[in-house]
Amino acid sequence: MIPAASTFAGLPIPVYLHNMVILSAAQLHAWDRYTIEHEPISSIDLMEKAAAACVRWMQQHNLLLQPCYIFCGKGNNGGDGLAMARMLAAKNVAVHVYILDNGQQGTPDFNQNLSRLEAVGILVNDVKDTTAIPGAPGKSGIVIDALFGTGLNRPLSGLAAGLVTAINSFGLLTVSIDMPSGMRADESSGDTAVIKAAYTLSFQCLKMAFLMAENEPHTGKVVIMDIGLPANFLTGTTPEALLLEETLLKGMYRPRQAFSHKGTYGHAALVAGSFGSMGASTLSANACLRAGVGKLTCHIPACGYTVMQLAAPEALCKTSGTDFIASVPDPAAYDAIGTGPGLGVTDSHAPLLEQLFTGFAKPMVVDADALNVMAKHIALLEIIPPFSLLTPHPGEFDRLFGKSSDDFARMRLAREKARVLNVIIILKGHRTLIAMPGGNCFFNPTGNAGMATGGSGDVLTGILTALLAQHYPPEQAALLGVYLHGLAGDFAAADQSQEALIAADIHQHLGAAFRQISGKTAH
């Protein structure tokens, strides 16, 4: 049995899953210190390992065929760059080294690597004025950005900001070491100067900044390199967040039992649809059915009866109201309820949601127009059943909880609201955030840009509702549902292309996603 090195949200994190861990900048520096104190390695030798890993990656990707222009700060990130310069020169790469001369003293490891570089005859250029960079790159070459790493805690200004702007103007392929310079690990960089990297070579685990949409133009492709930091450091560390990993989710998945029946897998209700928006409710219904619910009843307005019966013949239909749903008789009769897709935003839906929230004591899924109705009738948040799953996209989230200044602020607010309201908030995006009531936070690695299409979120609502109906605990339903949704989208994009993908393709590929989670062949 593989021992657990740490726990998060009550889940053991086995040693071999530490690629899941997301740490703050302070935790990352503590991990470095722990390594130096508890392993037979010095800080300069740890720097050597990091530089060697970067050079090895560049060689594997045929990036040693052009001159390398290496820009270094005077901290340990700059020390990484100096070590790389020495290693690249040993491989007969033409290297040009630049040091940001900001009047500060270099760190001990930076100074030692500078001495090693000079000892092999490599000259460095001090940058004191960005208008006159000696031997500045021409139209070809690779730029290596080693100006600042995870230690940056304020926006760049002055000479440093000017140099970042100059590097971006070169128009060359840029590789950032650890983080694009100017980017902060745990805070928004806003509109300040940040390197625009094609690749970011980072160490040991993801940084929160890499999961924020606002940073995508700067990070390029992120590559995480294992440099051998000891996993036992994490035993006493609570990660900032976890990246979902398939092995963990396979442990949550419940295979069907041979002697089961439809009652075993729950009776779900979908409260959805309105005149002109029945497509959303049919997508949600079909996804719920594909996600394994035993029985599904769709509560829809009368205008959508024929549409639903044709689109999802396996579902039961109950109507109330003409163009909008008026009521749901006896909501407590169901194992799970999902509401919102295509519901419409009308004041008559405030009492409808109040009826659902007070008449159904178990966790439910609240999405789309149901969230928009709640934003207009904010008192509904106070009566929502505990551990319900709220699934806003950023716009819906801002309408419900107030506009956030940046992605980091929105993430913090989601975590706070999940804790205060005792709900699970699934903030949808390329790296969907799942914020738990206890304050824990997960990010989802599955999914692709093809899923940025109308109806994708309605499919997620159906999946989540089905998992709740099958008596998955709400935390597991949230994690497994979001992961399956993205995985099905990845299979759909592989078949259809991202451009041609539509929401219906996602639920049609849920079978492949379930086969992969179950350990069976996906295709």
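Reading guide: rules and limits
Residues numbered from 1 in each chain as written. Predicted model: local features only at pLDDT ≥ 70, side-chain atom pairs only at ≥ 80, totals over all residues. Heavy atoms only, no water. Core = buried A, V, L, I, M, F, W, Y, C linked by side-chain atoms within 4.5 Å. Buried < 20%, exposed > 50% of the residue type's maximum accessible area, 1.4 Å probe, protein only. Helix = DSSP H or I, 4+ residues; strand = E, 2+ residues; numbered from the N terminus. Contact = heavy atoms within 4.5 Å. Pairing = 2+ DSSP bridges. Axes fitted to C-alpha atoms, helices over the stretch in contact; angles between N-to-C directions. Left-handed = near helix turned anticlockwise from the far one by under 90°. Nonpolar A, V, L, I, M, F, W, Y, C, P; charged D, E, K, R; others polar. Polar contact = N/O pair within 3.5 Å; in protein donor to acceptor, adjacent residues only side chain to side chain. Right-handed = clockwise from strand over helix to strand, strands pointing away. Salt bridge = Lys/Arg side-chain N within 4 Å of Asp/Glu carboxyl O. Parallel < 35°, antiparallel > 145°, perpendicular 65-115°, else oblique. pLDDT = per-residue confidence, 0-100. Expected span 1.5 Å × (residues − 1). Phe/Tyr/Trp six-rings, centres within 6.5 Å; stacked < 30°, edge-to-face > 60°. Lys NZ or Arg CZ within 6 Å of the ring centre and 35° of its normal.

A. Representation of the nonpolar core. One finds Met-58, Cys-68, Leu-88, Ile-177, Leu-296, Ile-426 and Ile-434 to be the most contacted residues of the largest nonpolar core, which totals 108 residues. Broken down by element, the residue count for this core peaks at 12 residues, all from helix 15 (residues 474-496). When sequence neighbours within four positions are dropped, the list of residues in contact with Cys-68 reads Met-58, Leu-63, Leu-88, Val-93, Ala-94, Val-95, His-96, Ile-142 and Ile-144.

B. Main features of the sheet that holds strand 4 (residues 68-72). Here 7 strands make up an open sheet; going across it, the order is 6-5-4-7-8-9-11 and the pairing parallel. At either margin of the open sheet sits one strand with a lone partner, and together these are strand 6 (124-127) and strand 11 (221-225). Neighbouring strand axes in the sheet, compared pairwise and without regard to direction, differ in orientation by 20 degrees on average. In this structure, strand 7 (residues 142-146) lies alongside strand 8 (residues 173-177), joined through 4 bridges in parallel fashion. Note that in strand 8 the partner of Asp-145 across the bridge is Ser-176. Contacts from helix 2 (residues 43-60) reach strand 4, strand 7, strand 8, strand 9 (199-203) and strand 11 within the one sheet, and its direction differs from that of strand 9 by about 145 degrees. Its contacts with the sheet put helix 3 (residues 76-90) on strand 4, strand 5 (95-100), strand 7, strand 8 and strand 9, and the angle it makes with strand 4 is roughly 155 degrees.

C. Representation of the packing of helix 8 (residues 278-290) against helix 14 (residues 456-469). Here helix 8 crosses helix 14 at 40 degrees, and the two axes come no closer than 7 Å. Two packed elements cross with a definite hand, and for helix 8 against helix 14 that hand is right-handed. Between helix 8 and helix 14, the residues in contact are Ala-280, Leu-283, Ser-284, Ala-287 and Cys-288 and Asp-458, Val-459, Thr-461, Gly-462, Ile-463, Thr-465 and Ala-466, respectively. For the contact of helix 8 with helix 14, a count of residues per class yields 7 nonpolar, 4 polar and 1 charged.

D. Inspection of the side chain of Thr-174 at higher detail. Relative to the assigned elements, Thr-174 resides in strand 8. Take Thr-174: its relative accessible area is 3%, and that puts it in the buried class. Within the structure, the side chain of Thr-174 is placed 3.1 Å from the backbone oxygen of Leu-172, a separation counted as a polar contact. Apart from the residues within four sequence positions on either side, Thr-174 is in contact with Val-143, Asp-145, Ile-195, Lys-196, Ala-197, Ala-198 and Tyr-199.

E. Spotlight on the pairing of strand 6. As defined by bridge partners, strand 5 adjoins strand 6 across 4 bridges and the pair is classed as parallel. Looking at strand 6, one finds that Ile-99 is bridged to Asp-126. With respect to chirality, the unit in which strand 5 leads through helix 4 (residues 108-119) into the neighbouring parallel strand 6 is right-handed.

F. Fine view of the pattern of salt bridges. Using the criterion set out here, one finds 12 salt bridges in the structure. Close ionic contact of Asp-101 with Lys-128 constitutes a salt bridge, the shortest N to O distance being 3.7 Å. Of this pair, Asp-101 sits in the loop between strand 5 and helix 4 while Lys-128 is found in the loop between strand 6 and strand 7, placing the two residues 27 residues apart along the sequence. Judged by relative accessible area, which is 22%, Asp-101 ranks as partly exposed. The exposure class of Lys-128 is exposed, given its relative accessible area of 61%. Across the pair Arg-412 and Glu-187 runs a salt bridge, and its minimum N-O distance is 3.7 Å. Here Arg-412 is found in helix 13 (residues 407-421), whereas its partner Glu-187 is found in the loop between strand 8 and strand 9, with 225 residues between them in sequence. The class for Arg-412 is partly exposed, based on a relative accessible area of 38%.

G. Representation of the packing of helix 10 (residues 349-359) against helix 11 (residues 368-376). One way to put it is that helix 10 packs onto helix 11 with a least axis distance of 10 Å and a crossing angle of 105 degrees. Here helix 11 runs roughly perpendicular to helix 10, going by the angle between their axes. For the pair helix 10 and helix 11, the contacting residues are His-349, Ala-350, Leu-353 and Phe-357 in the first and Ala-370, Val-373 and Met-374 in the second. Counted by class, the contact of helix 10 with helix 11 contains 6 nonpolar, 1 polar and no charged residues.

H. Spatial organisation of the confidence of the model for the protein. The share of residues in the protein with pLDDT of 70 or more is 96%, and the mean pLDDT across the chain is 93. Segment residues 1-7 is flagged for pLDDT under 50; beyond a separation of four residues in sequence, or across chains, it makes 22 contacts in the model.

I. A look at helix 8. Its 13 residues place the ends of helix 8 18 Å apart at the C-alpha level, agreeing with the 18 Å of an ideal helix rising 1.5 Å per residue. Summarising burial for helix 8: 10 of the 13 residues are buried, a large majority. For helix 8, the set of buried residues is Met-278, Ala-280, Ser-281, Thr-282, Leu-283, Ser-284, Ala-285, Asn-286, Ala-287 and Cys-288. Each element contacted by the buried residues of helix 8 is listed here: strand 13 (267-271), strand 14 (295-300), helix 9 (305-311), helix 14, helix 16 (503-508) and helix 17 (510-517). Just past helix 8, the residue Gly-292 takes up positive phi, approximately 100 degrees.

J. The arrangement of the packing of aromatic side chains in detail. Taken as a whole and assessed by the stated rule, the structure comprises 7 aromatic pairs. Relative to Phe-233, the ring of Trp-31 has its centre 5.6 Å away and its plane inclined at 15 degrees; by these criteria the two rings are stacked. Of this pair, Trp-31 sits in helix 1 (residues 25-38) while Phe-233 sits in the loop between strand 11 and strand 12 (241-243), placing them 202 residues apart in sequence. Its relative accessible area of 2% is what places Trp-31 among the buried residues. Judged by relative accessible area, which is 11%, Phe-233 ranks as buried. Taken together, the aromatic side chains of Trp-31, Tyr-34 and Phe-233 make up a single cluster linked through ring pairs. We note Arg-254 situated over the ring of Tyr-472; from NZ or CZ to the ring centre the distance is 4.7 Å.

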